[in-house]
Amino acid sequence: MIKCTCYHSAPYQPIRPLKEQLTPEQDAKIREGFASAKPMNEKPLALPESVDTSPAAPVERGPIVIETGPVTPFYTGYARIDNAITDALKGKSQELKDDVYRIIWRDFLPHNVHGMEEADRLAKIGLGVEKAQYLADQFMDDKTKASFMEAMRSIAKIGMSGTRVSDCEMEYNVKHIVQIDGNGYVHEDRSEEYLYAMETKAPKEYETYKKIKETSGETEAAFFMVRWAIKNLDLIKSCQKDYKEKQEERYEKLNKVELDQTFAGADTSSKERFLASIQEKLMDSKGLQISLFLKQISDMAKTPGNYLFGRRQEFTARA
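Quick look at the structure, then.

1. Some details on the pattern of salt bridges
(1) Moving on: One pass over the structure, following the stated rule, counts 15 salt bridges.
(2) Moving on: Measuring nitrogen to oxygen at the nearest pair gives 3.2 Å for the salt bridge that ties Glu188 to Lys175. In this pair, Glu188 sits in the loop between strand 5 (186–187) and helix 7 (190–201) while Lys175 sits in the loop between strand 3 (170–171) and strand 4 (179–180), placing the two residues 13 residues apart along the sequence.
(3) Moving on: Assessed through its relative accessible area of 12%, Lys175 is described here as buried.
(4) Moving on: Through salt bridges with shared partners, one network takes in Lys175, Glu188, Glu192 and Arg250.

2. Here's the deal with the environment of Lys256
(1) Moving on: Tracing the backbone through its elements, the reader meets Lys256 in the loop between helix 11 (240–255) and helix 12 (271–283).
(2) Moving on: Judged by relative accessible area, which is 68%, Lys256 ranks as exposed.
(3) Moving on: Each C-alpha atom of the pair Lys256 and Lys157 lies 8.7 Å from the other, and the pair is 99 residues apart in sequence.

3. Describing a negative patch on the surface
(1) Moving on: Taken together, the side chains of Asp242, Glu245, Glu249 and Glu252 make up a negatively charged region of the molecular surface.
(2) Moving on: Note that Asp242 resides in helix 11.

4. Some words on helix 13 (residues 290–302)
(1) Moving on: Spanning 13 residues, helix 13 covers 18 Å between terminal C-alpha atoms, matching the ideal 18 Å at 1.5 Å per step.
(2) Moving on: Tucked inside the fold, the buried residues of helix 13 contact helix 4 (94–108), helix 5 (118–139) and helix 12.

The rules behind these values
- Residues numbered from 1 in each chain as written.
- Predicted model: local features only at pLDDT ≥ 70, side-chain atom pairs only at ≥ 80, totals over all residues.
- Heavy atoms only, no water.
- Salt bridge = Lys/Arg side-chain N within 4 Å of Asp/Glu carboxyl O.
- Helix = DSSP H or I, 4+ residues; strand = E, 2+ residues; numbered from the N terminus.
- Buried < 20%, exposed > 50% of the residue type's maximum accessible area, 1.4 Å probe, protein only.
- Patch = residues over 30% accessible without salt bridge, like charges linked within 9 Å, V, L, I, M, F, W, Y side chains within 5 Å.
- Areas by Shrake-Rupley, 256 points an atom, 1.4 Å probe, with all protein chains shown as cover.
- Lys, Arg positive; Asp, Glu negative; His and termini not counted.
- Charge placed at Lys NZ, Arg CZ, Asp CG, Glu CD.
- Expected span 1.5 Å × (residues − 1).
- Contact = heavy atoms within 4.5 Å.

Printed below as a string of C-alpha cells:
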C-alpha cells in the first residue's frame, strides 16, 4: 500500500463545537453577559400587512452548462511518434483531438498519480490503449488507424516505463523542450546528436560541458555545446551513422515493453458495447480500485454521441 504524503492526503480535521473549545470559566462569563444584554430591536419582526404572503409560483431552473476549451496537445519530442498522431488527426474534429490528447495526458503520462497503486496505474494505461483503439475504429480509415495505434502504443509504453519520484508524482522519458513547426510537426533536437559526438570523440570537452551544466546552468552549457559543434562539424558528421543506430536501438527497446492486458480485446464496434465490455473485464479483475475505473466508465457514458469525452457538461440542481 502506497503511503501518500502529498497535499492531497492532508488529514481531515473535524469541526469541533464551540462549546468544546471554551473553558467552563469562559462559558460562564459569556452566559452572564448574554443575560444582561438588551436586544438591538425590541419590536418583533413582522411583514407589513400590505405585503402579499401567498405562495409564489414555482420557478423552473434550467441546467447550468459549462464548456471547457480544447485539450492542449502532448508531444513526447520523438518525431516518429508525435508526427504519426499529428498526421492521423489532421482534418479531424476538435472533439476527436481532445479525446486523443486527453488519453495521453490522463491515462498514459499523468504527472500526479495520487491514490493509485502501481497495478491501478498500469491498468489505466492499458485502458487508455483500448480507448485509443475504439476512437481509431470509429473515426479513422485502416491506413491511418495502423500508424496512429503504433504511435499511441509507443506512448503507452513510455508510460509503462515511468518512474515514481515520490508517492504521487511520476517522471517519464520524454523531452521537455520540443521543436514544433507551424504545422504542428515535431523536429528532432540536434543537441542530442551534438552531445553524442562530443561524448564519443571529445570526452574531455564532454566532461567540461557537464561541469558547466552543473555549476552554471542549462543556458551556459548550451552555449558551450553550440560553440563546440560549430568548430567540429566534421566530427559530428562522422558520428551520424552510429547516432542513428543508437536512436533505432532506443525505439526497439521501447517496442519490447509489455503493455497491461487487463482491458485488452475490448469490443470497439460501438460505444455501448465498448463500455459494457470494459466494465465486464473490470469486474473480472482482482486487486484494482473498482471505483476509480467505474468513475471513468460513467463519465464516458454521459458524453453524448460516439466520443468518449465531452467539452460540454450539464449540472442540474436538485429539488
